[in-house]
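Descriptive structure summary
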Protein chains: 2
Amino acid sequence: MFSQASEYALRALTELARCDRQEWILTGDLAELLGVPVHYLAKVLQTLARKGVLESQRGRQGGFRLAESPENITVYDVVRELDDVRQLESCIMGESECSDDTACPLHNLWRDVRDEFVESLQNTSLRELAEFQEKRPGSSRLTIVKPKLPVVKASKVPNGRNSPRQNNRTFGSHYLLNTRSNFVP
Amino acid sequence: MFSQASEYALRALTELARCDRQEWILTGDLAELLGVPVHYLAKVLQTLARKGVLESQRGRQGGFRLAESPENITVYDVVRELDDVRQLESCIMGESECSDDTACPLHNLWRDVRDEFVESLQNTSLRELAEFQEKRPGSSRLTIVKPKLPVVKASKVPNGRNSPRQNNRTFGSHYLLNTRSNFVP
DNA sequence: TGTTATTCGGATAACTGAGTCTTATTATCC
DNA sequence: GGATAATAAGACTCAGTTATCCGAATAACA
């Protein structure tokens, strides 16, 4: 459904929401905790920082943290920056002319499902994800100790040359993780 | 949401459901009516024929037709053969261990939306799509005249070198349109 | 001031979906 | 039987997603 980028982002930001808002969290620690590819996660987090969802701090003692309080960031806010949510609005049969007026045969069905979905994403904040995760049996978390930042790792990290898990796709991404193109037409 | 393949398939099969079940319909006529790339539509229809959703007839006076009566073919039946519907069942946050027991923070939300969606797809038949299309204002259709099969074309067909409309994605396709691999593990 | 630790940015590669084109196969009609 | 018209099958192109890696910029610390 979502792209890998969005999936990684949601999982990472759920963990960030469980941490002290002032602390800078390392990409590496997040990646290890979640068991996801470090470099790719880094790109995702960089994108979210560029978009204003995260704050980043370079150099020693740097890292990432939420730009706003977790209850003010919704799941939709995150996914919107990484996937092309406009495709949720477009015709499910791919017709160019399909609206409430000129509906395709599946228009109403899809509108109902999609509206419920989008509304749910907009009504769910990172705080709720974090609270749910908190109660989850066996859930590890990032432990902040003073000068160094050790990690209680969750599962064995499968290392060595991942070939890309290709194309388990999503409702679509557009230009995604590149530096340029901050505007959406 | 759906792949291009599924979108084209649904639109094409909706038209097939409006035709005489005995008639063989040409890929070219369907493509012209729908304004979709002929060769790609051909691949999609061939796949559906291989999977048993359609029947095909080679040679002169050949073409495609529904393998069963339209009320016995659901939207889900079509999409299932072209997209990897198992991905709808998998975790929306990409966690490997996520079930009703070990739920991720978005598990219940996604399960509700997805179940309603899948159920709708399974409860909607091609007959319903065809009937809806029938009532639609300005909807063209394939006109079967005796020996030749002229077509009342719907809209201007944008011809000339379509570069692939890239990656407006879907919940995922797997091996999709290749000849082999009829089984799904 | 120099070292170290971190994000930032670009280059590159594998894999797949979308689409085109060409050839082979097959059925019908003259 | 031969010409014709259609599906069947494969090779190929193009672009986007998912990664990996490296060097540059930058901030903290000794």
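Being a predicted model, the structure only gives us computed values, none of them experimental. (Residues numbered from 1 in each chain as written. Chains lettered and ligands numbered in written order. Predicted model: local features only at pLDDT ≥ 70, side-chain atom pairs only at ≥ 80, totals over all residues. Heavy atoms only, no water.)

Notes on the overall build of chain A
Where we set the bar: Starting at the N terminus, helices and strands are each numbered in turn, a helix being any DSSP run of H or I of at least four residues and a strand any DSSP run of E of at least two. Burial status follows relative accessibility: with a 1.4 Å probe on protein chains alone, a residue under 20% of its type maximum counts as buried, one over 50% as exposed, and anything between as partly exposed. The contact definition used throughout considers only heavy atoms, calling two residues in contact when any of these lie within 4.5 Å. Here the open area of atoms and residues is found with the Shrake-Rupley method and a 1.4 Å probe, where only the protein chains shown may cover a residue.
Check the secondary structure of chain A and you find seven helices and two strands. Ordering the α and β elements of chain A from the N terminus gives α-α-α-β-β-α-α-α-α. Across the 185 residues in chain A, those meeting the buried criterion constitute 49%. Restricting the contact set of chain A to residue pairs at least 6 apart, pairs at least 24 apart contribute 71%. Just so you have it, chain A exposes about 10,000 Å², and 47% of that area is on carbon and sulfur atoms.

Things to note about the relation of the copies chain B and chain A
This is how it is decided: The fit set for superposing copies consists of C-alpha atoms from residues with pLDDT of at least 70 in both; the fit itself is least squares.
Overlaying chain B with chain A gives an RMSD of 0.1 Å, the required rotation being 180 degrees about an axis along which the chain moves by 0.0 Å. Both copies of the chain, as the preceding transformation shows, are related through a two-fold rotation axis. Mapped onto chain A, 100% of the interface residues of chain B are again interface residues, and the two copies thus contact each other with one and the same surface.

Some remarks on the interface of chain B and chain A
Under the convention used in this document: Buried area adds together the accessible area that both of two parts lose upon being put together, with accessible area traced by a 1.4 Å probe. By definition, a salt bridge exists where a carboxyl oxygen of Asp or Glu is found within 4 Å of a side-chain nitrogen of Lys or Arg. Under this definition, polar contacts are N or O atom pairs within 3.5 Å; protein pairs additionally need one hydrogen-donor-capable and one acceptor-capable atom, and for neighbouring residues in sequence, both atoms have to be side-chain atoms. The residue classification treats Ala, Val, Leu, Ile, Met, Phe, Trp, Tyr, Cys and Pro as nonpolar and Asp, Glu, Lys and Arg as charged. All others, Gly included, are polar.
Each partner contributes residues to the interface: chain B has 39 residues there, and chain A has 39 residues. Taken together, the two surfaces of chain B and chain A that pack against each other cover about 3,300 Å², and 62% of this comes from carbon and sulfur. As a salt-bridge pair, Glu95(B) and Arg136(A) come within 2.7 Å of each other at their nearest N and O atoms. At the surface where chain B touches chain A, the tally comes to eight residue pairs in polar contact (both at pLDDT 80 or more). Those elements that provide at least two residues to the side of chain B that touches chain A are helix 1 (4–16), helix 6 (107–123) and helix 7 (126–135) of chain B. Among the elements that take part in the side of chain B that touches chain A, helix 6 of chain B stands out by supplying eight residues, more than any other. The residue makeup of the side of chain B that touches chain A, split by class, is 19 nonpolar, 12 polar and eight charged.

Some words on the nonpolar core
Note the threshold: What makes a nonpolar core is a set of buried Ala, Val, Leu, Ile, Met, Phe, Trp, Tyr and Cys residues whose side-chain atoms join them at distances within 4.5 Å.
If you look at the biggest cluster of nonpolar residues, it comprises 100 residues, and the most contacted ones within it are Leu13(A) and Leu13(B). Dropping the residues within four chain positions of it, Leu13(A) is found in contact with Leu45(A), Leu48(A), Val53(A), Leu54(A), Leu66(A), Val78(A) and Leu126(A).

Here's the deal with the side chain of Arg11(B)
This is how it is decided: The positive count covers Lys and Arg only, the negative count covers Asp and Glu only, and His and the chain ends enter neither.
Inspection of the secondary structure puts Arg11(B) in helix 1. Although Arg11(B) is buried, it forms no salt bridge, and the closest oppositely charged side chain is Glu95(A) at an N-O distance of 4.5 Å. Aside from chain neighbours lying at most four places away, what touches Arg11(B) is Met93(A), Gly94(A), Glu95(A), Leu34(B) and Val36(B).

Observations regarding the environment of Arg80(B)
Mapped onto the elements of the fold, Arg80(B) is located in helix 4 (residues 75–80). It is 8.8 Å that separates the C-alpha atoms of Arg80(B) and Ser6(B), two residues lying 74 residues apart in sequence.

Let's talk about the confidence of the model for chain A
Residue and element names in this part refer to chain A. Convention followed: Along the chain, pLDDT gives the predictor's confidence residue by residue, from 0 to 100.
Counting all residues, the mean pLDDT for chain A is 85, and 77% of those residues have values of 70 or more. Low pLDDT (under 50) marks residues 145–161, which in the prediction has 20 contacts with non-local residues, meaning those over four places away or in another chain. Low pLDDT, under 50, characterises residues 181–185; the stretch is placed with four contacts to residues that sit more than four places away or in other chains.

Topic: the pairing of strand 1 (residues 54–57) of chain A
All names here are of chain A. Here is the rule: By definition, two strands form a pair when at least two bridges between them are found by DSSP.
The pairing of strand 1 with strand 2 (residues 63–66) spans four bridges and is classified as antiparallel. Bridging from a neighbouring strand, Ser 56 pairs with Phe 64 of strand 2. Where strand 1 folds back onto strand 2 in an antiparallel hairpin, the turn is made up of five residues, including Gly 59, whose phi is positive at roughly 75 degrees.

A closer look at the pattern of salt bridges
Residues and elements named next belong to chain B. Applying the stated criterion to the full structure yields 26 salt bridges over all chains. Linking Glu 15 and Arg 18 is a salt bridge whose minimum nitrogen-to-oxygen distance equals 3.2 Å. For the pair shown, Glu 15 and Arg 18 are each scored as buried. In this structure, the salt-bridge partner of Glu 134 is Arg 141, at a minimum N-O distance of 3.0 Å. For Glu 134, a relative accessible area of 40% corresponds to the partly exposed category.

Examining unusual backbone geometry
Excluding glycine, a negative phi dihedral is what most residues carry, and trans is how most peptide bonds are arranged. A positive phi angle, near 65 degrees, is found at Gln61(A), a position not held by glycine. With respect to the helices and strands, Gln61(A) occurs in the loop between strand 1 and strand 2.

With respect to helix 6 (residues 107–123) of chain A
As a reminder, the rule being used: A helix is expected to span 1.5 Å for every residue after the first.
Taking 1.5 Å per residue as the helical rise, helix 6 of chain A with its 17 residues ought to reach 24 Å, and the 24 Å between its terminal C-alpha atoms agrees with that figure. Every buried residue belonging to helix 6 of chain A is among His107(A), Leu109(A), Trp110(A), Val113(A), Arg114(A), Phe117(A), Val118(A), Ser120(A) and Leu121(A), and all of these are buried. In the core, the buried residues of helix 6 of chain A are packed alongside helix 4 (75–82) and helix 5 (86–89) of chain A together with helix 6 of chain B.

A closer look at the packing of aromatic side chains
Stated precisely, the cut-off is as follows: Geometry of aromatic contacts follows a simple scheme: Phe, Tyr and Trp rings, the Trp one being its six-membered ring, pair when their centres are within 6.5 Å, and the pair is stacked under 30 degrees between planes, edge-to-face over 60, tilted otherwise. A ring is scored as having a charge over it whenever the NZ atom of a lysine or the CZ atom of an arginine sits within 6 Å of its centre and within 35 degrees of its normal.
The full count for this structure, using the stated rule, is six aromatic pairs over all chains. On the basis of an interplanar angle of 25 degrees and a centroid distance of 6.2 Å, the ring pair of Phe2(A) and Phe117(A) is categorised as stacked. One end of the pair, Phe2(A), is in the segment before helix 1 (4–16); the other, Phe117(A), is in helix 6, and 115 residues separate them in sequence. Of the two residues, Phe2(A) and Phe117(A), neither departs from the other in class, the shared state being buried. Taking 5.9 Å as the distance between ring centres and 80 degrees as the angle between the ring planes, the aromatic pair formed by Tyr8(A) and Tyr40(A) counts as edge-to-face. Of the two residues, Tyr8(A) sits in helix 1 while Tyr40(A) sits in helix 3 (residues 38–51), which places them 32 residues apart along the sequence. Given a relative accessible area of 4%, Tyr8(A) falls into the buried group. Since its relative accessible area comes to 31%, Tyr40(A) is described here as partly exposed. Here the aromatic cluster, defined as three or more aromatic residues joined through ring pairs, consists of Phe2(A), Phe117(A) and Trp110(B). Directly above the ring of Trp24(B) sits Arg65(B), whose terminal nitrogen or CZ lies 3.9 Å from the centroid.

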